[in-house]
Amino acid sequence: MAKQSWSATGRRKRAVAQVTLTSGTGNITVNGIDVNEYMPDGILVLDLKQPLTLTNNENRFDIEVTVKGGGYSGQAGAIRLGITRALLKFDSNTDQTSDTAYRKILKPAGMITRDPRVKERKKYGLKKARRAPQFSKR
């Protein structure tokens, strides 16, 4: 019988992550590389594992991620949102009114909300989005 999997998409800044959860032992691969080798900082790894830690699923799922765009921080945020959404799909068959429902655990922690902050576009006549050239009175 084929393994059951749950997939979801997460976005943050310019990064887009496709996350697939399958039952396993807790291995996380990002673009074919182990997450600890892919991410340059351990804090980013802890950040993207946060939904798994809150729901006590660190060693329950194997996670395969394909991520594009952005930097490491944006990619970690996109992966975190993707993992959260996949966990919600996994937990969709359980009673959502109980205190052990994943949504009731993840929502107060702010995991479900997508962070809408993106880089503002550059305007003409300015050096950056809002930075004007230096003014000379004389």
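Scroll up to find the structure this text is about.
Please read all numbers here as calculations on a predicted model, not as lab measurements. (Residues numbered from 1 in each chain as written. Predicted model: local features only at pLDDT ≥ 70, side-chain atom pairs only at ≥ 80, totals over all residues. Heavy atoms only, no water.)

J.: Mind laying out the pairing of strand β2 (residues 15-23), listing which residues take part and the relevant values?
T.: Where strand β1 (residues 5-12) and β2 come together, eight bridges link them in antiparallel fashion. Its bridge partner being in β2, G10 is matched across the sheet by A17. Between β1 and the antiparallel strand that follows it, β2, lie two residues; K13 among them carries a positive phi value of about 55 degrees. (Pairing = 2+ DSSP bridges. Helix = DSSP H or I, 4+ residues; strand = E, 2+ residues; numbered from the N terminus.)

J.: Explain the nonpolar core to me, and be specific about the residues and the numbers.
T.: Ranked by size, the top nonpolar core spans 31 residues in total, and within it M39 and I63 carry the most contacts. The set of elements that each furnish at least two residues to this core consists of β1, β2, β3 (28-30), α1 (35-38), α2 (42-48), β5 (61-68), α4 (72-90) and α5 (102-106). Those residues in contact with I63 that sit more than four places away from it in its chain are V19, T20, L21, N27, I28, T29, L52 and I83. (Core = buried A, V, L, I, M, F, W, Y, C linked by side-chain atoms within 4.5 Å. Buried < 20%, exposed > 50% of the residue type's maximum accessible area, 1.4 Å probe, protein only. Contact = heavy atoms within 4.5 Å.)

J.: So what's going on with the pairing of β5? Which residues, and what values?
T.: In this structure, β2 lies alongside β5, joined through eight bridges in antiparallel fashion. Looking across to β5, one finds that T20 is bridged to E64. As paired elements, β3 and β5 share three bridges and run parallel to each other. Bridging across to β5, V30 finds its partner in V65.

J.: Can you lay out the side chain of D62 for me, pointing to particular residues and giving the numbers?
T.: Mapped onto the fold, D62 is located in strand β5. Looking at D62, its side chain comes within polar contact range of the main-chain nitrogen of N27, at 3.0 Å. The residues contacting D62, other than those within four sequence positions of it, are T20, L21, T22, S23, G24, T25, G26 and N27. (Polar contact = N/O pair within 3.5 Å; in protein donor to acceptor, adjacent residues only side chain to side chain.)

J.: Requested: an account of the packing of aromatic side chains, with residues and values cited.
T.: Here the structure, examined in full by the defined rule, presents five aromatic pairs. The interplanar angle of 85 degrees and the centroid separation of 4.8 Å between the aromatic rings of W6 and F90 together place this pair among those described as edge-to-face. Of this pair, W6 sits in strand β1 while F90 sits in helix α4, and the two are 84 residues apart along the sequence. The buried category is assigned to F90, whose relative accessible area is 19%. With centroids separated by 5.9 Å and ring planes inclined at 80 degrees, the aromatic side chains of Y38 and Y72 adopt a geometry described as edge-to-face. You can see Y38 sitting in helix α1 and its partner Y72 sitting in helix α4, a full 34 residues away along the chain. Three or more aromatic residues joined by ring pairs form one cluster here, namely W6, F61, F90 and Y102. (Phe/Tyr/Trp six-rings, centres within 6.5 Å; stacked < 30°, edge-to-face > 60°.)

J.: Which residues make up the pattern of salt bridges, and what values do they have?
T.: According to the stated counting rule, one finds five salt bridges in the structure shown. Its salt-bridge partner being D115, residue R12 comes within 3.4 Å of it at the nearest N-O pair. One end of the pair, R12, is in strand β1; the other, D115, is in the segment after α5, and 103 residues separate them in sequence. Taking relative accessible area as the criterion, R12 reaches 15% and is therefore assigned buried. A salt bridge links E120 to K123; its shortest N-O distance comes to 2.5 Å. Relative accessible area serves as the criterion here: at 24%, K123 is assigned to the partly exposed category. Sharing partners across several salt bridges, the network here consists of R12, D115 and R117. (Salt bridge = Lys/Arg side-chain N within 4 Å of Asp/Glu carboxyl O.)

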